[in-house]
Amino acid sequence: MYCPYCRHSDSRVIDSRTAEDGAAIRRRRSCPACGRRFTTQETVILMVAKRSGVTEPFNRDKIVRGVRRACQGRPVTEDQLAILAQRVEDAIRSRGSGEVPSHEVGLAILGPLRELDEVAYLRFASVYRGFESLADFEDEITALRAERDRAWRTGDQDGERLAGEEAVGVPARASARSTNGITGPGQASDGTRRIPGGGEHDRDDG
């Protein structure tokens, strides 16, 4: 590793730490020639195999640029695009392969983009999957609606279960309160004895 200050051809590692959740190693180096220190970062190069047979390093910025075009005019921020690209890279690296086909990168984009913005998802999917007719869009919209309905039904069932548990618990609590507050003839709810025409006295006074 060349020193960035004096261009000496060697350097000494004085500290190493993992970075980016273990996906990279950050090393602190010292130059034996000029004595200055600098930091380098090492990552495993993830290669993408294109349909033409050419391979190129995975580029997160390329993901952002491609998705940004699909998100034109949509309420999507740059931070959200950066997070999406990070999720795509994490999903691909988690497979443990040093080289992935380009179509798998596209598939990894579809899920997070669908969660982010459905209109942008349809735009991206229409190009990536090569929609050729209105029927292709209709089929995809139908699939989106079916997935949303399943999510709503799951949410409704969870809500009904919670409501049922609360409904069962309410009478029990109310019954407990009423039992604790039962009063007999001439007795107040706080345990004191009432005397007609008079005030309240402790039970020990009578």
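This section reports on the structure supplied with the text. (Residues numbered from 1 in each chain as written. Predicted model: local features only at pLDDT ≥ 70, side-chain atom pairs only at ≥ 80, totals over all residues. Heavy atoms only, no water.)

## Notes on the overall build of the protein chain
Condition: A helix here means a DSSP run of H or I that spans at least four residues, while a strand means a run of E at least two residues long, and both kinds are numbered starting from the N terminus. Burial here depends on accessible area, computed with a 1.4 Å probe over protein chains only, as a share of the maximum for the residue type. Under 20% is buried, over 50% is exposed, and the range in between is partly exposed. Pairs of residues are marked as contacts when any of their non-hydrogen atoms sit within 4.5 Å.
Across its full length, the protein chain holds 5 helices and 8 strands. In the protein chain, the succession of α and β elements from N to C terminus is β-β-β-β-β-α-α-β-α-α-α-β-β. The buried share of the protein chain, reckoned over its 206 residues, is 24%. Nonlocal contacts in the protein chain, meaning residues at least 24 apart in sequence, comprise 35% of its contacts between residues at least 6 apart.

## Focus on the packing of helix 1 (residues 60-70) against helix 2 (residues 78-93)
Stated formally: In this analysis, axes come from line fits to C-alpha atoms, helices being fitted only over the stretch in contact, and the angle between any two N-to-C directions falls in the range 0 to 180 degrees. Should an angle lie under 35 degrees it is considered roughly parallel, over 145 roughly antiparallel, and from 65 to 115 roughly perpendicular; all remaining angles are considered oblique. Handedness of a crossing follows from how the near helix is turned relative to the far one, being left-handed for an anticlockwise turn of less than a right angle and right-handed for a clockwise one. Amino acids are sorted into nonpolar (Ala, Val, Leu, Ile, Met, Phe, Trp, Tyr, Cys and Pro), charged (Asp, Glu, Lys and Arg) and polar (every other residue, Gly among them).
Look at helix 1 against helix 2: their axes get within 9 Å of each other, and the N-to-C directions meet at 125°. Between helix 1 and helix 2, the angle is such that the two are oblique. As helix 1 runs across helix 2, the sense of the crossing is right-handed. Of helix 2, the residues touching helix 1 (which contributes Arg60, Ile63, Val64, Val67 and Arg68) are Glu78, Leu81, Leu84, Ala85, Gln86 and Glu89. Broken down by class, the residue content of the contact of helix 1 with helix 2 amounts to 6 nonpolar, 1 polar and 4 charged.

## A closer look at the side chain of Glu89
Cut-off, in case you're wondering: Polar contacts, as counted here, are pairs of nitrogen or oxygen atoms within 3.5 Å of one another; within protein the pair requires one atom able to donate a hydrogen and one able to accept it, and residues that are adjacent in sequence qualify only if both atoms are side-chain atoms.
Tracing the sequence through the fold places Glu89 in helix 2. At a separation of 2.7 Å, a polar atom in the side chain of Glu89 contacts the side chain of Arg60. Among residues more than four places away in sequence, those in contact with Glu89 are Phe58 and Arg60.

## Describing the sheet that holds strand 1 (residues 12-19)
Quick reminder of the rule: Note on pairing: two strands pair once DSSP finds at least 2 bridges between them.
Read from one edge to the other, the open sheet built from 3 strands follows the order 1-2-3, with strand pairing classed as antiparallel. Edge strands, defined here as strands with exactly one partner in the open sheet, are strand 1 and strand 3 (37-43). With strand direction ignored, the average angle separating the axes of adjacent strands in the sheet is 25°.

## A look at the environment of Arg28
Among the secondary structure elements, Arg28 is positioned in strand 2 (residues 24-30). Residue classification places Arg28 among the partly exposed positions, given a relative accessible area of 33%. Along the sequence, Arg28 and Val13 sit 15 residues apart, while their C-alpha atoms lie 5.9 Å from each other. Other than its neighbours up to four places away in sequence, Arg28 contacts Arg12, Val13, Ile14, Asp15, Arg37, Phe38 and Thr39. Side chain to side chain, Arg28 and Thr39 meet in a polar contact 2.7 Å long.

Read these as spatial facts, not as claims about activity.
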